4 protein chains.
Amino acid sequence: MGELQPPDIVRLAYVELTVTEIDRAKEFWVDLLGLHVTEEHATSVWLRGHAETIHHNVILTEAEHAACTSIGFRVRSDVDLDRAVEWFEARGCRTLDLPAGSRLGAGRTVRVEDPLGFTIDFVFEMDKVERLLRRWDLHRGAKISRIDHVNVVVPDAQAAHDLYTELGFGLAETIESSDHLYAAWMFRKPTVHDIAFTEGVGPRLHHIGFDVGERSNILDLADVIAARNLTCVERGPGRHGVSAAFYLYMLDPDQHRAEIYTTDYFTGDPDFEPLRWDVEDPRRRDYWGGHVAQSFFTDASPVHDLDGEKVKTAAPSHAGETVVGADGLR
Amino acid sequence: MGELQPPDIVRLAYVELTVTEIDRAKEFWVDLLGLHVTEEHATSVWLRGHAETIHHNVILTEAEHAACTSIGFRVRSDVDLDRAVEWFEARGCRTLDLPAGSRLGAGRTVRVEDPLGFTIDFVFEMDKVERLLRRWDLHRGAKISRIDHVNVVVPDAQAAHDLYTELGFGLAETIESSDHLYAAWMFRKPTVHDIAFTEGVGPRLHHIGFDVGERSNILDLADVIAARNLTCVERGPGRHGVSAAFYLYMLDPDQHRAEIYTTDYFTGDPDFEPLRWDVEDPRRRDYWGGHVAQSFFTDASPVHDLDGEKVKTAAPSHAGETVVGADGLR
Amino acid sequence: MGELQPPDIVRLAYVELTVTEIDRAKEFWVDLLGLHVTEEHATSVWLRGHAETIHHNVILTEAEHAACTSIGFRVRSDVDLDRAVEWFEARGCRTLDLPAGSRLGAGRTVRVEDPLGFTIDFVFEMDKVERLLRRWDLHRGAKISRIDHVNVVVPDAQAAHDLYTELGFGLAETIESSDHLYAAWMFRKPTVHDIAFTEGVGPRLHHIGFDVGERSNILDLADVIAARNLTCVERGPGRHGVSAAFYLYMLDPDQHRAEIYTTDYFTGDPDFEPLRWDVEDPRRRDYWGGHVAQSFFTDASPVHDLDGEKVKTAAPSHAGETVVGADGLR
Amino acid sequence: MGELQPPDIVRLAYVELTVTEIDRAKEFWVDLLGLHVTEEHATSVWLRGHAETIHHNVILTEAEHAACTSIGFRVRSDVDLDRAVEWFEARGCRTLDLPAGSRLGAGRTVRVEDPLGFTIDFVFEMDKVERLLRRWDLHRGAKISRIDHVNVVVPDAQAAHDLYTELGFGLAETIESSDHLYAAWMFRKPTVHDIAFTEGVGPRLHHIGFDVGERSNILDLADVIAARNLTCVERGPGRHGVSAAFYLYMLDPDQHRAEIYTTDYFTGDPDFEPLRWDVEDPRRRDYWGGHVAQSFFTDASPVHDLDGEKVKTAAPSHAGETVVGADGLR
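Here the structure is a predicted model, which means the values were calculated and not measured.

Turning to the interface of chain B and chain A, a few remarks are in order. Of the residues lining the interface, twelve residues belong to chain B; the matching set on chain A comes to twelve residues. Of the roughly 930 Å² buried between chain B and chain A on both sides combined, carbon and sulfur atoms contribute 56%. Among the residues chain B hides against chain A, the three largest losses belong to W136, D137 and A227 of chain B. Together they make up 46% of the total. At the boundary of chain B and chain A, one finds two salt bridges. As a salt-bridge pair, D220 of chain A and K143 of chain B come within 3.5 Å of each other at their nearest N and O atoms. Between chain B and chain A we count zero residue pairs in polar contact (both at pLDDT 80 or more) in total. Grouping the amino acids of the side of chain B that touches chain A by side-chain chemistry returns three nonpolar, one polar and eight charged.

Next comes the structure, spelled out in structure tokens:
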């Protein structure tokens, strides 16, 4: 397998979610978070941040069950789609090669079930849309600029780390003990992460992270949420130890978790070395020492396989502390 | 005259402006600045900031000519309205005693022509409306909390200062030389000012100042204005020397000037002493040394008398430097 | 008693604290919070915010036990000092009339034991010092501009409210049920409060609140505290329901509690009506619904009487919910 | 020449400047801007931003004349240093291959005179130092996180653009007319630029741009500069059209120009297309329409050749508008 060249992934581009009521979901993702609607049909909506020229960062589709139906990475060229097929098939994974025209707003898409149980899309061509970066008059809600990362829960963080290392991801930060890896933040674009893995009952999607310009955007949204008497804030605002970013976590009406996030750092230097946090370090999770709700460590979105069936989850076999959630331990 | 007790003025409460096209004016004051509409009729609209419980901070009325038709101070009790009549009549000023019911959103109103040529209202009762302070979901534009001050142009700053001192105003800051007063910032509420006087061709209204919560509100509005491709910003964002506040000045479609302004200081201590800026100090005007457009020193809104006629202006007789504008000299 | 005119209080001016190690205390109040040192002796230090011209907002003195030894209000004139003596003596309170020269940085000071058990100072003359408002190069830490309020714990909030109403304080906000007052925010300067009373084991000092310019100052300090690996943050950053201000609470090395606080609102209108929060309203305490540490509801600083002895505390007799802390209930 | 592979440049890493008084220069770069001192000798100092692990972003060395003595790019591996030698020698450029040990804080360095007249360094190995990202207690001044870009003046922007395109740079934005290129923003790391070229009298260094976390950092520095009564601010704070970033420009005591800059956007998508601003668009330069000082269009730092001699400059031959400065036209 090692001989096969992995697809050249540029970055995380989008996440597809099913939601049980599309109008209620839009109140959260569009009216509250302020993602821009690129397109919408009866039961689906395609959303993006204001700095994006790609057609979508989030696709919401109404369905009976709420789940994450795919995580989409953008690759550098069409050849990388062939590579994705070969690379995953060599690992015994099911793949689908969806021709251009199959998916709205995107060209040919290779969809795979990765060995961790996630449905992953690889796409090169995406419809180009207007960059709304300078349209401050249209910025709303959290003023999200772009998708930044996903954080997923897996029963074996080391296995996930190893797989994505083979796929060409760099390692920015970890939470670990002397003999066990609990969590890993991994990147293709030179930021802290495109995807992070935390050990727990998985495979599940923990959250989607979005970039915003500065802290005032996050505080402003927290005030708006409170003013609307909503209870969707789960954690924060606060300062991460891992990534050093400022954050707020919210839950949508189907309990999909969104993070707004600002100011991490450049990880592209050729001698970049990951920052390894000890699992006992209380600041890894919240640098300020802030309270983290229990649900943050236990709850995450189910994921679907290529047939649209919910993927069965497994608990970690690691006999140490029970580990769930984006930052490591309870 | 000195024996008469002046009305006990609480603070600046509102300004009445005429505008030549009400819809166009609302685009500026409501859609852009984000003032909240308390009430509107065919050709008038009553606006307030989100921290106010009084019915209006600004009244816009469509008319043939754009002008400032009155500046409204709120007094502590009904008795102060009688005092206002007596105090100004003793100075030979014309007064109108408008009974409750005459003016929308306000009770009995004493309207006077002050010796400087401004039409000044005194009002005690004002209709109480919902304080939108905690309705962050409704805050828009500059997120104005309340009216803060007016700045007016007068041919004799010393005379204006002396009159308003007699009226009970405190003096927060000045611009002066060893033998001449160029500008004075005067207050009733314990902030830097409810009214400021700058020497120049007057009487005219230089600007209305509004309080906002912090600098990000001002920067956000500057971005929105640019994104809409508007040219209404005249000066700033910048930092004042006088008041030490952070500011932005804009011109409405009729060239009425609005300032958004944040973070001045408490002036209520019993031994408060005014800060006297030398007229040659370059930092009095813009603490950062920023550029100030020429129009800022020359342009201001005409004011109307009790008959609704435009008040004739006079130039300063002071033979020194030509002095116009809110901060002093060219 | 009702015939006696109370002293005309301008605002809260300072708080005196004893601390068990002055150097350690200075690390908190000076190095971390950034209060400016006006003067210091071997075992005492006089501190102020950058917008103040009065000699001190906080006096720290090393002593065997940590306590609040007085709360200082500034009055409008020397006559008000006589009134303070008479007013409190008419209520059977002990008073001390300390002549000018007795206290560093202040003139004649009337010190009383108020009926609630607090030692309260009244002072008119205070040494005038440089206003460091425009010395942004000297602003450090939280960039505190001035003292804003104290919050104290009392076993009977209604009694405290009634006493301070007689003293001339206005009422800005309350927490109450249909038949019981749990907390009251009261003011002389036209902001939300100079003093707040919360029902609980008292008399004790809950916290001293300081004004800062904007939210970024508070977030910046939270990051610095974390970077120094300190654990002094007890609560926040967050948004209050009461006052609508943005806040952070910290504990000094002797468990004296400091709040930094920004953006409340003008309470000086003549028809101002208090905002009454229902004791069951979850947003009264933290508008965002944030977690509040248990210590916030149970811990507070002891207060000393005129003899420097610790005042005995009493629990509330109200048979309802146990009530401790600045915002009301557990 | 097209057959030679260019060095794989990761990003701009540092700039070397000579200054006429090192202590005075340090007051600007260290005390005011807040760059962190990695190392210092009698007449040189090595500085970096708080998010860097490389030894330096700026080297200041005392010398008779102030100039830019080199611009340093970091490459992906040692092989790229060989490629740099070959690539530039094939273009007839002088090169120096400085072995490890020649330069403090860096390994083997290939120094070339590029065809535009700039002295350019290529380096792979740099001494690794502590990342001070989470040491908020040490962040000072503008709280600079890292070097972002240089902006240089050249007499032929098209030629510069073509050369750096061959070197592998992407093009983010331009200022152009239908038949002439006036300015080009070019990148290796996926941000708006590592280097920008503006047509004017060159070769000269226009400015060094540094990344900061958010707008409040820039505003805070502007206040500190004013408080110190310095006159080093040349332009801003303001909002760029090009890059959409928020900025402030300052001049050091030798008239070297520094920009602090926040929030540009991701340019790494495989179908990224440059944004082309019309040279007549007034918003290309300052999105808010702010005033730009004349010096910004005329003044820039001289550059030195491999012999340490000042490179002769040439004016543009383009017969159109005279073009100088970072954003294009006067």
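We are not done yet, so read on.
What follows concerns a negative patch on the surface. Residues and elements named next belong to chain A. Side chains of E21, D23, E27, D31 and E62 sit close together on the surface and give a patch of like negative charge. Counting residues per element, the negative patch draws most heavily on helix α1 (residues 22-32), at three residues. Tracing the backbone through its elements, the reader meets E62 in strand β4 (residues 58-62).

Facing 40 residues of chain B, the contacting portion of chain C comprises 40 residues. Between chain B and chain C, a total of about 3,100 Å² is buried, with carbon and sulfur atoms accounting for 52% of that surface. For the chain B face of the interface with chain C, the top three residues by lost area are R134, F266 and P270 of chain B, together amounting to 21%. Of the charged contacts, one joins E214 of chain B and R215 of chain C as a salt bridge, the two residues approaching to 2.8 Å between their closest N and O atoms. Counting residues per element, the ones that place at least two in the side of chain B that touches chain C are β1 (9-19), β5 (67-75), α4 (215-227) and β17 (275-278) of chain B.

Its rotation angle being 180 degrees, the transformation that places chain B on chain A also includes 0.0 Å of axial translation and leaves an RMSD of 0.0 Å. Here the transformation between the copies is reduced to the relation of a two-fold axis. Ranked by how close their C-alpha atoms come to the rotation axis, the residues of chain B are headed by S216 of chain B, at 3.6 Å.

A pair of packed helices is captured by two measures, namely the crossing angle of their axes and the spacing between those axes. At their nearest, the axes of helix α4 (residues 215-227) of chain A and helix α4 (residues 215-227) of chain C sit 11 Å apart, and the two run at 110 degrees to each other. Regarding the angle of α4 of chain A to α4 of chain C, the classification is roughly perpendicular. Here R215, S216, L219, D220 and D223 of chain A of α4 of chain A come into contact with α4 of chain C, specifically with R215, S216, L219, D220 and D223 of chain C. A breakdown of the residues in the contact of α4 of chain A with α4 of chain C according to their chemical character gives two nonpolar, two polar and six charged.

All chains considered together, the criterion is met by eight cavities of 30 Å³ or more. By volume, the largest cavity amounts to about 110 Å³. Along the wall of the largest cavity there are 16 residues; nearest its centre are E214 of chain A, E214 of chain B, E214 of chain C together with E214 and S216 of chain D. Mapped by element, the contributors of at least two residues to the lining of the largest cavity are α4 of chain A, α4 of chain B, α4 of chain C together with α4 (215-227) of chain D. Taken together, the residues of the lining of the largest cavity break down into four nonpolar, four polar and eight charged.

Conventions we followed
- Positions within a chain are numbered from 1, following the residues in the order the chain's sequence is written.
- Naming scheme: in the order in which they are written, chains are lettered from A and ligands are numbered from 1.
- Local features are withheld for residues below a pLDDT of 70 in this predicted model, meaning they are given only at 70 or higher, and side-chain atom pairs are given and counted only at 80 or more; totals for whole chains, interfaces and linings count all residues.
- Hydrogens are left out, water is left out, and the side-chain values use all remaining heavy atoms of the structure.
- We call two residues in contact whenever any of their non-hydrogen atoms come within 4.5 Å of each other.
- By buried area we mean how much accessible surface two parts lose on assembly, using a 1.4 Å probe and totalling the loss over both.
- We define a salt bridge as a side-chain nitrogen of Lys or Arg found within 4 Å of a carboxyl oxygen belonging to Asp or Glu.
- Polar contacts, as used here, are pairs of N or O atoms within 3.5 Å; protein pairs need one atom able to donate a hydrogen and one able to accept it. Residues neighboring in sequence count only if both atoms are side-chain atoms.
- Under the grouping applied here, Gly and all other residues not named as nonpolar or charged are polar, the nonpolar ones being Ala, Val, Leu, Ile, Met, Phe, Trp, Tyr, Cys and Pro and the charged ones Asp, Glu, Lys and Arg.
- Without a salt bridge and with relative accessible area above 30%, a residue can belong to a patch; like charges are then joined within 9 Å and nonpolar side chains (Val, Leu, Ile, Met, Phe, Trp, Tyr) within 5 Å.
- Note on areas: Shrake-Rupley with a 1.4 Å probe; residue coverage comes only from the protein chains shown.
- Working convention for charge: Lys and Arg count positive, Asp and Glu count negative, and His plus the chain ends are omitted.
- To locate a charge, take NZ of a lysine, CZ of an arginine, CG of an aspartate or CD of a glutamate.
- Helix and strand assignments follow DSSP, with helices taken as H or I runs no shorter than four residues and strands as E runs no shorter than two, numbered in order from the N terminus.
- Superposing copies: least-squares fit, C-alpha atoms only, residues required to have pLDDT of at least 70 in both.
- Helix axes use the C-alpha atoms of the stretch in contact, all axes being lines fitted to C-alpha atoms, and the angles between their N-to-C directions lie in the range 0 to 180 degrees.
- The cut-offs work like this: below 35 degrees is roughly parallel, past 145 is roughly antiparallel, 65 to 115 is roughly perpendicular, and the gaps in between are oblique.
- Any residue with an atom within 4 Å of a point lines the site, the site being either a cavity, points on a 1 Å grid over the protein atoms alone where a 1.4 Å probe fits but cannot get out, or a pocket, an open set with protein on both sides within 12 Å along at least 5 of 7 lines.
- Grid points are joined across faces, edges and corners, and a volume is the space filled by probe spheres set on the points.

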